[in-house]
Amino acid sequence: MVICAALACLAALPARAEGPPPGCYDRSYSAAHLASHPDQIAARIRLWLEPDGDGTNAVGNLTIWTADQGHARRDGLGNSRFDSFLLCWTENGRDFCGIECDGGHASITVKGDTLDLSTDGMWVGETQGCGGAIDIAERPDTRVTYRMTRVPDAHCND
C-alpha cells in the first residue's frame, strides 16, 4: 500500500523538461585571467535557459563578448558581441545545447549555482548564411570549458 501511494505521488509530479534547468548564468574574465590564457577569446560569456513553448525542452540564448586576443583578434572579431539561439536536450542522462545549422553543441553541467559549458567547437553569432560568426573553442577540435555562475534572471534581459 505504501509503494502504491508513493507511485501515485510520483505520477502527479510534472516531468522535468529535457535539457538543463532554466536560469541566467554569467561570467566576466579579469584582465589578469585573460593575460594568463592568451588563446581564450571570451572576455565575458552569458547563458539564458528557459523552457520551450510546450515545456518539454529547454531553449536558450548564448552571448559572448570577445577579448582582443587569440583567434578573435587574428580574425578581426575582438572586442565584439555575438548572440545565438540554442536548442537543448538530454541524452543518456547528460544535458546538451546546440546551435542549429551545424553550429556545434556543448555539454552543460549544472552543480548548485555553477554551470559548466564544455565544447570543442561551437559557432556563435548570427550571420546571413548557415553557421555562426566565431567559434568559442580556443583552438580547433580542442575542448574548452566556460564556468559560469547563476545570477538573477533580470541580468539576462538585455
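Anyway, here's the lowdown on the structure attached to this text. As the structure is a computational prediction, the values presented were derived from the model and not from experiment.

So, how was this worked out
Residues numbered from 1 in each chain as written. Predicted model: local features only at pLDDT ≥ 70, side-chain atom pairs only at ≥ 80, totals over all residues. Heavy atoms only, no water. Disulfide = S-S within 2.5 Å. Helix = DSSP H or I, 4+ residues; strand = E, 2+ residues; numbered from the N terminus. Buried < 20%, exposed > 50% of the residue type's maximum accessible area, 1.4 Å probe, protein only. Polar contact = N/O pair within 3.5 Å; in protein donor to acceptor, adjacent residues only side chain to side chain. Contact = heavy atoms within 4.5 Å. Pairing = 2+ DSSP bridges. Axes fitted to C-alpha atoms, helices over the stretch in contact; angles between N-to-C directions.

**A short note on the state of the cysteines**
Per the counting criterion, the structure on display carries two disulfides. Paired by a disulfide, cysteine 24 and cysteine 156 hold their sulfur atoms 2.0 Å apart. Given an S-S torsion of about 80°, the disulfide between cysteine 24 and cysteine 156 has right-handed geometry. On the criterion of sequence distance, the pair formed by cysteine 24 in strand S1 (residues 23-28) and cysteine 156 in the segment after strand S10 (144-151) is long-range, its members being 132 residues apart.

**A look at the environment of aspartate 95**
Inspection of the secondary structure assignment puts aspartate 95 in strand S5 (residues 94-98). A relative accessible area of 12% places aspartate 95 in the buried class. Put simply, aspartate 95 and proline 20 are 75 residues apart on the chain and 5.5 Å apart in space, counted from C-alpha to C-alpha. Separated by 2.7 Å, the side chains of aspartate 95 and threonine 90 make a polar contact.

**Some thoughts on the environment of methionine 122**
Assignment of secondary structure puts methionine 122 in the loop between strand S7 (114-119) and strand S8 (123-124). For the pair formed by methionine 122 and glycine 132, sequence separation is 10 residues and the distance between their alpha carbons is 8.2 Å.

**A word on the side chain of threonine 119**
One can find threonine 119 in strand S7. Within the local environment of threonine 119, its side chain forms a polar contact with the backbone oxygen of histidine 105, the two atoms lying 2.8 Å apart. Look past the residues within four positions of threonine 119 in its chain and what remains in contact with it is His105, Ala106, Ile136, Thr142, Arg143 and Val144.

**Points about the sheet that holds strand S6 (residues 105-111)**
Spatially, the eight strands close up into a barrel ordered S1-S2-S3-S4-S5-S6-S7-S10, and their pairing is antiparallel. Taken over all neighbouring pairs, the strand axes of this sheet differ in orientation by 30° on average, direction set aside.

**Quick notes on the pairing of strand S3 (residues 58-66)**
Side-chain positions along a regular strand alternate between the two faces of the sheet. S3 sits mainly inside the fold: eight of its nine residues count as buried. Strand direction decides the pairing type here: strand S2 (residues 42-51) and S3, joined by nine bridges, are antiparallel. Across the sheet, residue tryptophan 48 finds its bridge partner in S3, namely asparagine 61. Joining the antiparallel neighbours S2 and S3 is a turn of six residues, in which glycine 55 adopts a positive phi near 75°. Direction of pairing for S3 relative to strand S4 (residues 81-91): antiparallel, over a ladder of seven bridges. Its bridge partner lying in S4, threonine 63 is registered against aspartate 83.

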